[in-house]
Amino acid sequence: MSASTPFQDEAHQHLIAGNVPAYMQALGQAARRAASELRRADTGLKNRALMAMAQRLTEARAKILDANTEDLQRGRENGLESALLDRLALNDARIDAMIEGLQQVAGLPDPVGEIGDMRYRPSGIQVGKMRVPLGVIGIIYESRPNVTLEAASLCLKSGNACILRGGSEASQSNAAISACIQTGLADVGLPAGSVQVVATTDRAAVGEMISMPEYVDVIIPRGGKSLIERISRDARVPVIKHLDGVCHVYIDTTADPAKALAIAVNAKTHRYGTCNTMETLLVDAPIADLLLPELARAYAEHEVELRGCQRTQALLPQAAAAEEADWYAEYLAPVLAIKVVDGIDEAIAHIEQYGSHHTDAIVTQDYSLARRFMAEVDSSSVIVNASTRFADGFEYGLGAEIGISTDKLHARGPVGLEGLTTQKYVVFGDGQVRE
């Protein structure tokens, strides 16, 4: 690593002294200065930084895995839930995916500086919009250390400085990944303040980060519902968020049975601890008696606990009775709620009442019903004849994602490069003055 900068020395001294507010102020000041430099960075320089990070990650693979082993061991000793342990765990495949994500982001078009919607006005001026970085982005997340790299890559490519605060359970993993990021930045001459990982697990750091509008332009929380509720309630900085992922798959009477089976099983069992995992299955009544027993056998192979409505229980005696709370539940576990419905109207009404506006899917061969579902289901991703697990920045071709937004202003759905920029008006004239 390169020699430390004056701001790093200052921040470190505050950290040693236990002065969290001063430490966070130092990070904020450094990020604001770096954001000014990043606005001037061209695409080539940003891409070189991403590739340098990928190389440093490759070289440090063993150190990162060792650090992650420490985090996992501490997590088990502290009774961390299995879903969180799954999110925390790194292996060679996940590190390969992190490296591939960096390479993909480097290969994506740079949105910064794009000018569109140009039009002439009667005065002779041309008016358009230019895409520009948001500035400084604060990201608060739990468990998943791969978020450290994903966030860094997307913020850097979109010209934003970022301050990253991971969960205490991933502190060793995040520190190892942070070292790769910092070395990669130094390799190409970009300021260390471009990407900063908060080096304290003191929760006061979060309170400081969300209360620095002079340094931080937007906050993106990624984690459990309680974390996001707290950030949304207390932040003095705009927040891009989703509270939970209560995702549905609705299987229509016309659905191809083989496709329906594959989609419904994948949407639930591919990974349990992700926000795009199906939590409630809705099945049209005319096909329930044929499809549900077959689905139940498949779910039994994955040891998925079933909770169902009365009509589901009549077909699947092994299913526990679903309570009202089950329809609202984001289990993040091998548990599935099942409801038999009478057609698309009841399915859409159920999703509207109990869903979280994250991701919902329909399996159908009826084009008209597919169009209705897409138009009427008010979610950030609406999917026809595919698993909800595709609601992901990597799968959408964004390279990676900073998070998934269920808000309706600025960004919605997986937030990639474009979601981390905004637009400003630009005007071209030739000497015009307003009469």
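On a predicted model such as this, the values are computed, not experimentally measured, just so you know.

(A) Representation of the domain arrangement of the protein. Each domain of the protein was delimited in the assignment, giving domain 1 (6-234) and domain 2 (247-395). Domain 1 and domain 2 are separated by 34 Å when their C-alpha centres are compared. Contact residues are listed per partner, giving 7 residues for domain 1 and 6 residues for domain 2. In total, about 560 Å² of surface goes out of reach between domain 1 and domain 2, with carbon and sulfur atoms giving 40% of it. Of all residues in domain 1, Ala83, Arg87 and Arg144 give up the largest surface area on contact with domain 2, accounting jointly for 54% of the area buried on that side. Here domain 1 and domain 2 share 1 salt bridge between them. Residue Arg271 pairs with Asp86 through a salt bridge whose shortest N-O separation is 3.2 Å.

(B) Highlighting the pattern of salt bridges. Under the criterion given, the structure shown has 23 salt bridges. One salt-bridge network, in which partners are shared between bridges, spans Arg56, Glu59 and Asp187.

(C) The packing of aromatic side chains, seen in detail. Per the counting criterion, the structure on display carries 1 aromatic pair. A ring pair is formed by Tyr328 and Tyr354, whose centres lie 4.7 Å apart and whose planes are at 70°; its orientation type is edge-to-face. With Tyr328 in helix α14 (residues 324-328) and Tyr354 in helix α15 (residues 343-354), this pair connects stretches of sequence that are 26 residues apart. A relative accessible area of 42% places Tyr328 in the partly exposed class. One cation-aromatic arrangement involves Lys339 over Trp327; the distance from NZ or CZ to the ring centre is 6.0 Å.

Conventions used here
- Residues numbered from 1 in each chain as written.
- Predicted model: local features only at pLDDT ≥ 70, side-chain atom pairs only at ≥ 80, totals over all residues.
- Heavy atoms only, no water.
- Domains from an automatic or database assignment.
- Contact = heavy atoms within 4.5 Å.
- Buried area = accessible area lost by both parts, 1.4 Å probe.
- Salt bridge = Lys/Arg side-chain N within 4 Å of Asp/Glu carboxyl O.
- Phe/Tyr/Trp six-rings, centres within 6.5 Å; stacked < 30°, edge-to-face > 60°.
- Helix = DSSP H or I, 4+ residues; strand = E, 2+ residues; numbered from the N terminus.
- Buried < 20%, exposed > 50% of the residue type's maximum accessible area, 1.4 Å probe, protein only.
- Lys NZ or Arg CZ within 6 Å of the ring centre and 35° of its normal.

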